[in-house]
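# Fold and contact review
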Amino acid sequence: MHLAAHWALLLSLLGTVFLAGMAAWNLYNRDTGKLAVFENGQSVLFSIFSAVSIVLFIAFVKRDFSFEYVQQYSDKVLPLFYTITAFWAGQAGSLLFWAWMTTLCGFGFSLTKAYMRTSPETKLWFWLFFLTIEAFFLLLLTGPNNPFTRVSPIPMDGKGLNPLLQNPGMIFHPPLLFLGYAGFTIPACLALASWMSGQGGTWLKATRSISILSWIFLTAGIILGGWWSYMELGWGGYWAWDPVENASLIPWLTCTAFLHTAVVQSRRGALAKTNVFLISLTLLLCFFGTYLVRSGVVESLHAFGEGGVGRPLLTFILSGMALTLVILAVGVPASKPKPLSGLYSLPGFLVVLAWLLLALAVVVFMGTMWPVFSKLWSQNSVGLDQSFYNRVCNPLFVFIAVLLVLCPWMSWKEGLREPRRAMAALAVTVAAAGVFFAMGYHKPVPLVGASAGVGSLASLTMLTFSGRGYRTLRGGLGAWLLHGGLAMVFVGVAISGPYQLAKEAILSPGQTLTLGAYELEYTDLAEVSNERFSGGRASLTARKDGREVGVLTPERRVYKNFPQPFAEVSVIPSLGDELYATLLAYSDTKSASIKVSVNPLVNWVWIGGTIMCLAGFLCLRRNSDKDA
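For the structure given in this document, a descriptive report is provided here. As the structure is a computational prediction, the values presented were derived from the model and not from experiment.

### Some points on a nonpolar patch on the surface
Judged by side-chain polarity, L3, W7, L11 and L14 come together as a nonpolar surface patch covering roughly 470 Å² of accessible area. Mapped onto the secondary structure, L3 falls in helix 1 (residues 2-28).

Here it is, written out as structure tokens:
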């Protein structure tokens with residue numbers, strides 16, 4: 001099966017290159033009569049990717065260590081749950097999964113009414129761009145990242161899955177990110193195709209649903225990734241501005257900017273060229289994230305390391321950016337661009353929001369790549385720590401939160417459409433600031449951010465109940481709920497990080513640790529052991545004002561084939577203060593080094609992020625209602 005799968009991908013590469021060349025030739029000859037060839041070709045390509053992916057899944061389930069990829073990322077004692085998710089644990093498998101999802105998106109889009117309503121010339125351009133991307137994936141999978149390499153002689157057991165990946169988040173986080181990345185391929189290719197064929201903004205309506213769906217997947221992947229890091233790495237936070245974390249955040253920022261400027265184009269016919277650029281940039285930044293993870297250009301806790309794909313990825317990204325700029329320069333828009341309303345209007349606020357999101361993307365990009373840039377003038381690379389990102393990015397996040405307080409009341413033409421409710425929302429924001437200040441939250445940026453989050457929740461609540469129409473899907477209920485979830489995230493981010501309390505101590509059974517209003521008694525250390533790992537589990541009884549609030553049971557494990565110990569954190573969840581404990585080390589005498597932190601309002605981040613994703617599906621329903 002190794003050779004069969006590899007040859008299937010190799011023949012697919014040749015066929016995809018042939019179809020892309022055929023699309024270019026047909027465009028040159030203005031021949032639009034052979035579109036069925038490309039549509040059927042996409043169906044065949046999706047079938048081949050499905051078949052070879054199933055082969056790899058079966059190899060994992062059967063623990064077939066003749067596959068080098070299976071041998072590297074699984075072993076005989078790994079639970080089936082994690083064995084299946086090991087498909088995307090490594091570089092080759094994750095690329096295969098991303099490429100598979102891309103072919104799925106192409107196949108699915110070819111069956112939609114939106115595709116069928118697209119002009120033949122635009123379809124040809126679309127297939128030229130889309131097939132080129134698929135050919136690039138196939139080039140990587142048949143060259144430096146072949147997941148079907150055979151091992152000889154066949155090992156008796158595998159190396160095992162990295163313990164950091166043995167977490168329930170592993171089954172959801174990577175696939176959701178790759179689904180988001182793959183989904184952006186459709187609107188990006190159709191946007192460039194429509195621009196070349198002079199079809200203007202028709203692509204916006206045709207790809208609205210898949211653009212929103214891709215954003216939902218990417219958002220869910222980022223939120224789950226943050227929770228995974230919070231629960232697995234033991235650093236006490238959900239975002240460390242690690243390069244691999246930033247890799248998914250940057251395209252999320254540009255896509256979010258695009259979704260807001262797309263509203264302006266749909267309602268006012270403006271920003272057509274801007275939207276083509278933004279969605280194309282989003283797709284290229286997805287590949288840039290892959291470049292960060294797989295090129296070894298920057299050091300990261302999560303990176304795969306250099307695997308022979310860094311230079312091809314960089315070449316593809318730079319070529320894609322050059323092609324996008326050339327297309328925007330030579331393409332002919334369907335109509336003259338229309339002027340925007342003034343700054344003090346809803347379109348004006350949406351443009352300001354887009355600029356803020358793009359500014360954040362630039363800051364995160366520059367900070368992530370600073371070790372590379374600094375080598376231009378220094379022999380030693382210089383990295384930027386969390387303090388840089390927090391100092392620069394947090395004020396921009398707060399500005400976005402303030403915009404969200406007023407945006408629901410802005411007019412599409414100029415000014416406020418309901419000044420009284422807007423003033424009421426501002427009054428709630430000021431009152432919330434007073435309450436937070438009285439509670440001891442005095443730092444200016446977190447204070448404004450949390451207050452604006454509360455003001456945004458109040459503003460959106462008033463909007464929802466100001467008229468029956470706003471409580472329907474057509475009236476934008478999904479959008480209001482989504483932004484309400486975002487407001488909760490603003491509050492959680494503003495308070496949980498700056499006001500986290502943490503303390504480390506070496507304790508013996510019976511000793512206590514005091515942290516803020518909490519007293520934690522270390523009661524015992526028990527051994528834990530099974531065929532996968534061995535280690536110790538500490539028990540800490542947490543009390544507040546003399547009342548027991550729960551028991552923390554952090555663990556320290558040493559896994560088979562991995563001599564480095566790994567922490568399993570323990571939490572006592574709360575909508576207020578969440579207690580979080582990590583067992584750093586322990587001795588035979590049961591003395592233990594323990595780190596405990598109090599994370600206020602951290603669960604507002606997870607709850608708000610979940611609401612954002614679920615509400616996004618209501619936005620999809622709104623689109624289908626409008627198209628019906």
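### A short note on the packing of aromatic side chains
We describe a pair of aromatic rings using the distance from one ring centre to the other and the angle between the two ring planes. All told, the structure shown has 44 aromatic pairs when counted by the stated rule. Seen in terms of ring centroids, F288 and Y291 are 6.3 Å apart; in terms of plane orientation they differ by 35°. Their pairing is tilted. Pair noted here: F288 and Y291 are both in helix 11 (residues 272-295), with a separation of three residues, about one helical turn. With respect to class, F288 is no different from Y291; both count as buried. On the numbers, 5.3 Å between centres and 70° between planes, the contact of F388 with Y389 is edge-to-face. Neither residue differs from the other here; F388 and Y389 are each classed as buried. Every member of this aromatic cluster is reached through a ring pair, and the members are F57, F87, W88, F97, W98, W100, F136, F137, F178, Y181, F287 and F316. Looking at K123, its charged tip hangs above the ring of Y115, at a distance of 4.5 Å from the centre. One cation-aromatic arrangement involves K443 over Y499; the distance from NZ or CZ to the ring centre is 5.1 Å.

### Here we look at the sheet that holds strand 10 (residues 592-600)
Ordered by their spatial adjacency, four strands build an open sheet running 1-10-9-8, and the pairing between neighbours is antiparallel. At either end of the open sheet lies a strand with only one pairing partner, and these are strand 1 (501-507) and strand 8 (570-572). On average, each strand axis in the sheet is inclined to that of its neighbour by 20°, with strand direction left out of account. Bridge count between strand 1 and strand 10: seven bridges; the pairing is antiparallel.

Each value, and the rule that gives it
Residues numbered from 1 in each chain as written. Predicted model: local features only at pLDDT ≥ 70, side-chain atom pairs only at ≥ 80, totals over all residues. Heavy atoms only, no water. Patch = residues over 30% accessible without salt bridge, like charges linked within 9 Å, V, L, I, M, F, W, Y side chains within 5 Å. Areas by Shrake-Rupley, 256 points an atom, 1.4 Å probe, with all protein chains shown as cover. Salt bridge = Lys/Arg side-chain N within 4 Å of Asp/Glu carboxyl O. Helix = DSSP H or I, 4+ residues; strand = E, 2+ residues; numbered from the N terminus. Phe/Tyr/Trp six-rings, centres within 6.5 Å; stacked < 30°, edge-to-face > 60°. Buried < 20%, exposed > 50% of the residue type's maximum accessible area, 1.4 Å probe, protein only. Lys NZ or Arg CZ within 6 Å of the ring centre and 35° of its normal. Pairing = 2+ DSSP bridges. Axes fitted to C-alpha atoms, helices over the stretch in contact; angles between N-to-C directions.

Purely geometric numbers; function is a separate question.
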